[in-house]
Amino acid sequence: MNLLIVDDDTAVAHLMGKILTHDGHIVTTAASLKEARTKPGPYDVVIADVRLQNGDGRELQEDYPTTPFVVISGAHGEIPDLYKPFTAEQLRTAIALAMGNP
């Protein structure tokens with residue numbers, strides 16, 4: 001799968017990218033909404049942090065209206081698919097669920 005990861009925590013984005021690349025996915029990362037919008041798609045899944053320095057990662061759903069999203073957050077009180085910190089298996093499960101594969 002072709003995946004876009006948007007997270008301004010570069011360590012988290014790098015780790016997710018490493019895990020998912022190891023799993024055989026093609027991974028593109030971006031540290032901001034602006035940068036994400038410069039990355040060519042299409043993507044099979046977008047993984048976006050809710051709280052970015054320049055906005056909310058869910059705003060990208062307007063750019064990719066038919067693409068499944070996995071929403072992540074380090075702050076409780078949001079309604080993300082994943083809370084940081086999460087395990088590699090939780091990340092894989094969230095992507096599978098976003099793709100409609102329980």
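Below or above, wherever it landed, is the structure these notes cover. Because the structure is predicted, anything quoted here is derived from the model rather than measured.

**Details of the pairing of strand β2 (residues 26-30)**
Turning to step 1, where the next piece is worked out: As judged from the five bridges shared by strand β1 (residues 2-6) and β2, these two strands associate in the parallel manner. When the sheet's bridge partners are listed, Leu 4 is paired in β2 with Thr 28.
Turning to step 2, where the next piece is worked out: Note that the unit made of β1, helix α1 (residues 10-22) and β2 has a crossover that is right-handed.

**Observations regarding the environment of Gly 17**
Turning to step 1, where the next piece is worked out: With respect to the helices and strands, Gly 17 occurs in helix α1.
Turning to step 2, where the next piece is worked out: With 40 residues separating them in the primary sequence, Gly 17 and Gly 57 have C-alpha atoms 17 Å apart.
Turning to step 3, where the next piece is worked out: Among all residues touching Gly 17, those that are not within four sequence positions of it are Ile 5 and Val 27.

**Some points on α1**
Turning to step 1, where the next piece is worked out: With 13 residues, α1 should cover 18 Å at 1.5 Å per step; its first-to-last C-alpha distance of 18 Å lies within 8% of that length.
Turning to step 2, where the next piece is worked out: Here α1 has its buried residues at Ala 13, Met 16, Gly 17, Ile 19 and Leu 20. Viewed along the axis of α1, the buried residues span an arc of 165°, placing them on a single side of the element. What points out from α1, more than 90 degrees from its buried face, is the exposed set Thr 10, Ala 11, His 14, Lys 18 and His 22.
Turning to step 3, where the next piece is worked out: Residues of α1 that are buried sit in contact with β1, β2, β3 (45-49), β6 (69-73) and α3 (88-98).
Turning to step 4, where the next piece is worked out: Just past α1, the residue Gly 24 takes up positive phi, approximately 100°.

**Some words on the packing of α1 against α3**
Turning to step 1, where the next piece is worked out: Closest axis-to-axis distance for the α1/α3 pair is 11 Å, and the angle between their directions is 70°. As the angle between them shows, α1 and α3 are arranged roughly perpendicular. Taking contact as the criterion, the partners of Met 16, Ile 19 and Leu 20 in α1 are, on α3, Ala 88, Leu 91, Arg 92 and Ile 95.

What counts and how
Residues numbered from 1 in each chain as written. Predicted model: local features only at pLDDT ≥ 70, side-chain atom pairs only at ≥ 80, totals over all residues. Heavy atoms only, no water. Pairing = 2+ DSSP bridges. Helix = DSSP H or I, 4+ residues; strand = E, 2+ residues; numbered from the N terminus. Right-handed = clockwise from strand over helix to strand, strands pointing away. Contact = heavy atoms within 4.5 Å. Expected span 1.5 Å × (residues − 1). Buried < 20%, exposed > 50% of the residue type's maximum accessible area, 1.4 Å probe, protein only. Arc of directions from axis to C-beta. Axes fitted to C-alpha atoms, helices over the stretch in contact; angles between N-to-C directions. Parallel < 35°, antiparallel > 145°, perpendicular 65-115°, else oblique.

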